[in-house]
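Structural description and commentary
These are the residues of each chain, in order.
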Amino acid sequence: MSDKRIFILSYSFKLYFPFILLLVSFCTADAQESEIGKTIQAKSFNPSTLLWYKSSAAKWEDALPVGNGRLGAMIFGRNNEEQIQLNEDTYWSGGPYSTVVKGGYKSLPEIQQLIFKGEYLKAHNLYGRTLMGYPVEQQKYQSLGNLHLFFTNEKEIAAYYRWLDLNTGISSVQYVSDGVTYRRDIFSSAADQVIAIRLSADQPGKISFSANLRGVRNQAHSNYATDYFQMNGNAKGELVLTGKSADYMGVEGKLRYEARVKAITEGGTVSVNDYTLIVENATAVTLYIVAATNFVNYKDVSADAHQRVEEYLAAIANKSYDVIRERHISDYQRLFNRLSFSLPVTENSYLPTNERKENNTTISDPSLAALAYQFGRYILISSSRPGTQPANLQGIWNDNQNPMWDSKYTTNINTEMNYWMAESSNLAECAEPLIKMVTELTDQGSQVAKEHYGCNGWVFHQNTDLWRVAAPMDGPTWGTFTTGGAWLCTHLWEHFLYTRDTQYLREIYPVIKGAVQFFSEFLIKHPNGKWLVTNPSTSPENFPASPGNGKYFDEVTGSFLPGTSICAGSSIDMQLLNDLFSYYIRATEIMNMDKDFAEKIKEIRQQLVPPQIAKDGTLQEWMDDWAQTEHPHRHISHLYGLYPGNIFSVKRTPQWINACRNTLIERGDESSSWSRAWKAALWTRLRDGNHAYKIMKGYFKETSNPQFFANKGFPIQVDGTLGIPAAISEMIVQSQEGVIELLPALPDEWHEGTINGLRARGAFELNVHWQKKKVKNVTITSIKGEPCNIRPGIKCEIRNSSGKKVKIKIQKDGTISFPTAAGETYLLTAL
């Protein structure tokens, strides 16, 4: 068969495969779910899309998550008493509030002069008294409740399996008790805004249990006792949970919520006694969970939670479980099936997921990385959909009314890391909640710019919550990070680079311009007369060994700190602003507007502090050559310009690369979960895939939970969970410099593999297949018809979808350039 016919057939298959797959999934979903236990035994499942375990979750951090972007659940998979912990993404403490302090800007000149004089502690204290937001802290993401199922005849069990099928977004548990095989299938449907729990048995009349839908109170502090909940049954035979959010820091709890559980039985009976639902002698049972709050937006809580819940239940009243499941699968696979990923499989690949993770540093299991990649995509799909809130520090899953770091949006690395993978892994829509949050932050952000700094535009710091507050918080050590908004703006720009959507660019242009406008006024001339610097500034959470810095008692936090982090012109600030100014200038060129202001920004950009190399050969983290007081440190903020930024480049700026490498070596590989994910991505930009993979393996074994959630030993975080897939994408394709570079940092163990559906800047979609660490073939789909510049690292030819050879131009560095047409697909084949 000719290459042309092969390509046409493969192109047709690519075009229609998603529809075929969807049809097959509808016809075979029940069979697939019932057969997964057998495929585990037979080792015939896909180890890159199935997580499975031999026991139930011992603690909340071990549970398996489901989510539809708004409603989340953590499933323990227990037999005697099952627990399903519930979240709704708008249930937070407090209500609409502001942390803006009027007139704070009056003290700014004095603070700046103290910093320039080296009187950092005095500057710290004055900043704390006059420029910190008030309240100093922010609101907390809350747990909605817990559904408990008490089984009467399932105490002794055997043949236990618990799994999460990433192909369908359904989590299941199956076991045998007294000769009966029981199973539960659970999913959170975005299509119907409901969590469905299907209980079944292979013998009739064997399912009996009682259920409670329990609320959660903040029992740690008596002053939080303004939250409440009530548990009831209603005349419809449903469980009902209603409640109110907690007052916190003087902010009234204005959220009201309602959750309900409805049971549909096949055989047997169902009844409600007070707040207990009772099912007896059923053959199958479906439980539907719906929930809502009165939240409309960050300024408006006027909705009716009860009415919303009524509407959710009415919408599913005439739908069977099979229809609801099929609608869930269809909606979920519309996103998940855009990308498939396979790496070499070994015997270790078929072990339970927790055992695979434990073994992966000593036994080769490349497919584990593919599983982590797809689990990350699953988590983003499950926690961030158009119309929902962005994924917070814990995604949408939280069991504690006092979660670590309030489970909010930490924007000196964590929130950004949550979304690094969104564009490249073909989940651009999942970034919509983040983009919307950035636009909302300009509201209080513009007030903070005016009242705290005396500037136009808008500014945002290192944390926010549901209510989109923007002022400095926690204390001067953390709050002086004025470039949090600038960093978030990079995600707005990246979305444009991946989509080339000029209408979208016009919509978000005022947001980017507002950030640029603030810094054009906030930057101040350094006493050396050469540089423009941010002042005050900080390098996130790292304490420099600046003159006179050391342990002291901080009046804002009321605690001893290792010192202050306050400074002028930190390296990350300069790098972020260099990127911000550069893509703002590019945006003005694309849209042919604001030319005079763009020229002014060009002049300002030239005066930013340039990168500097310290006497120890590392990249300086601060404007002055200071050491750090904490060794090693988890943050690598001054390498933002290597990744995810575009300041440092092996090819374009080789003079800085050794300093970047030395910095990574100095910080070490071992650290917190999210730090390892960042380091892995940084090593890929240095083209060292083996080092990046070594860090990944350590993440899998040492710092991630059994299901890849980050932060082992602590409440989960999703930053590392979502950061690792971003690093994996960088191993296979990099496109930050206007060229699609293939396999730039491939580990030796990934000697062969295939990834279909990966996205690249310039609005291209790629199917990449490689053997012996060399590109075999690549299918390139041009979304917008942009010119394609690609560096495959091999001799090749390119043909269009008609099989016609494309005329190409080959540059000295091996880059191949050719024009494309929007919607056309091209096949690059090794010669």
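Residues numbered from 1 in each chain as written. Predicted model: local features only at pLDDT ≥ 70, side-chain atom pairs only at ≥ 80, totals over all residues. Heavy atoms only, no water.

Observations regarding the packing of helix α15 (residues 657–667) against helix α16 (residues 673–685)
Angle between the axes and distance between the axes are the two parameters that describe a pair of packed helices. For the pair α15 and α16, interaxial distance at closest approach is 11 Å and the crossing angle is 150 degrees. When the axis of α15 is compared with that of α16, the two are roughly antiparallel. Here the hand of the crossing between α15 and α16 comes out left-handed. Seen from α15, the contacting residues are Arg661, Leu664, Ile665 and Arg667; seen from α16, they are Lys679, Leu682 and Trp683. Looking at the contact of α15 with α16, its residues break down into four nonpolar, no polar and three charged. (Axes fitted to C-alpha atoms, helices over the stretch in contact; angles between N-to-C directions. Helix = DSSP H or I, 4+ residues; strand = E, 2+ residues; numbered from the N terminus. Parallel < 35°, antiparallel > 145°, perpendicular 65-115°, else oblique. Left-handed = near helix turned anticlockwise from the far one by under 90°. Contact = heavy atoms within 4.5 Å. Nonpolar A, V, L, I, M, F, W, Y, C, P; charged D, E, K, R; others polar.)

Topic: the sheet that holds strand β29 (residues 788–791)
Taken together, five strands build an open sheet; the order of strands is β24-β25-β29-β32-β31 and the sheet is mixed. In the strand order of this sheet, the two ends are held by β24 (733–734) and β31 (809–810), each with one partner. By the bridge criterion, two bridges tie β24 to strand β25 (residues 740–742) in an arrangement that is antiparallel. Within β25, the residue paired with glutamine 734 across the bridge is glutamate 741. (Pairing = 2+ DSSP bridges.)

Notes on the confidence of the model for the protein
On average, residues of the protein carry a pLDDT of 94, and 95% of them reach 70 or more. Counted against residues more than four places away or in other chains, residues 1–33, with its pLDDT under 50, gives 39 contacts. (pLDDT = per-residue confidence, 0-100.)

Details of the sheet that holds strand β27 (residues 764–771)
The sheet built from six strands is open, its strands ordered β17-β26-β27-β28-β33-β30 with antiparallel pairing. In this open sheet, the two edge strands, each paired with only one partner strand, are β17 (340–342) and β30 (796–800). Along the sheet, successive strands turn relative to each other by an average axial angle of 20 degrees, direction set aside. Judged from the five bridges that link them, β30 and strand β33 (residues 825–830) form a sheet pairing that is antiparallel. If you follow isoleucine 798 over to β33, its bridge partner there is leucine 828. Together, β17 and β26 (753–760) form the strand contacts of helix α7 (residues 367–383), whose direction differs from that of β17 by roughly 160 degrees. In the packing of helix α18 (residues 719–732) onto the sheet, the strands contacted are β17, β26 and β27, and the crossing angle to β26 comes to about 100 degrees.

Considerations on the packing of aromatic side chains
Evaluation of the coordinates by the stated rule reveals 38 aromatic pairs. Relative to phenylalanine 700, the ring of tyrosine 699 lies with its centre 6.0 Å away and its plane at 70 degrees, an arrangement referred to as edge-to-face. Residue phenylalanine 700 is classed as buried on the basis of its relative accessible area, which comes to 1%. Chaining the aromatic ring pairs together yields one cluster made of Tyr332, Phe336, Phe375, Tyr378, Trp397, Tyr699, Phe700, Phe708 and Phe709. (Phe/Tyr/Trp six-rings, centres within 6.5 Å; stacked < 30°, edge-to-face > 60°. Buried < 20%, exposed > 50% of the residue type's maximum accessible area, 1.4 Å probe, protein only.)

As for unusual backbone geometry
With omega at 5 degrees, the peptide bond leading from asparagine 535 into proline 536 counts as cis. Examined against the element boundaries, proline 536 turns out to sit in the loop between β21 (532–533) and β22 (552–554). Following tyrosine 643, the chain continues to proline 644 via a peptide bond in cis, the omega torsion being 10 degrees. Relative to the assigned elements, proline 644 resides in the loop between α14 (595–606) and α15.

Some points on a nonpolar patch on the surface
A surface patch of nonpolar side chains, amounting to about 320 Å² of accessible area, comprises Met404, Trp405 and Phe714. By the element assignment, tryptophan 405 lies in the loop between α7 and β18 (409–410). (Patch = residues over 30% accessible without salt bridge, like charges linked within 9 Å, V, L, I, M, F, W, Y side chains within 5 Å. Areas by Shrake-Rupley, 256 points an atom, 1.4 Å probe, with all protein chains shown as cover. Salt bridge = Lys/Arg side-chain N within 4 Å of Asp/Glu carboxyl O.)

Some words on the nonpolar core
Ranked by internal contacts, the top residues of the largest apolar core, which has 224 residues, are Phe209 and Leu580. When residues no more than four places from it in sequence are discounted, the contact partners of phenylalanine 209 are Leu149, Phe150, Phe151, Leu199, Leu277, Ile278, Val279, Val285 and Leu287. Of all hydrophobic cores here, the second largest spans 14 residues; its members include Ile170, Ala292, Tyr312 and Ile329. (Core = buried A, V, L, I, M, F, W, Y, C linked by side-chain atoms within 4.5 Å.)

Things to note about the environment of alanine 614
Mapping alanine 614 onto the fold places it in the loop between α14 and α15. Looking at alanine 614, the relative accessible area reads 9%, which means it is buried. Spatially, the C-alpha atom of alanine 614 lies 52 Å from that of isoleucine 84, the residues being 530 residues apart in sequence. In this structure alanine 614 touches Gln620 and Asp625, once residues within four positions along its chain are discounted.

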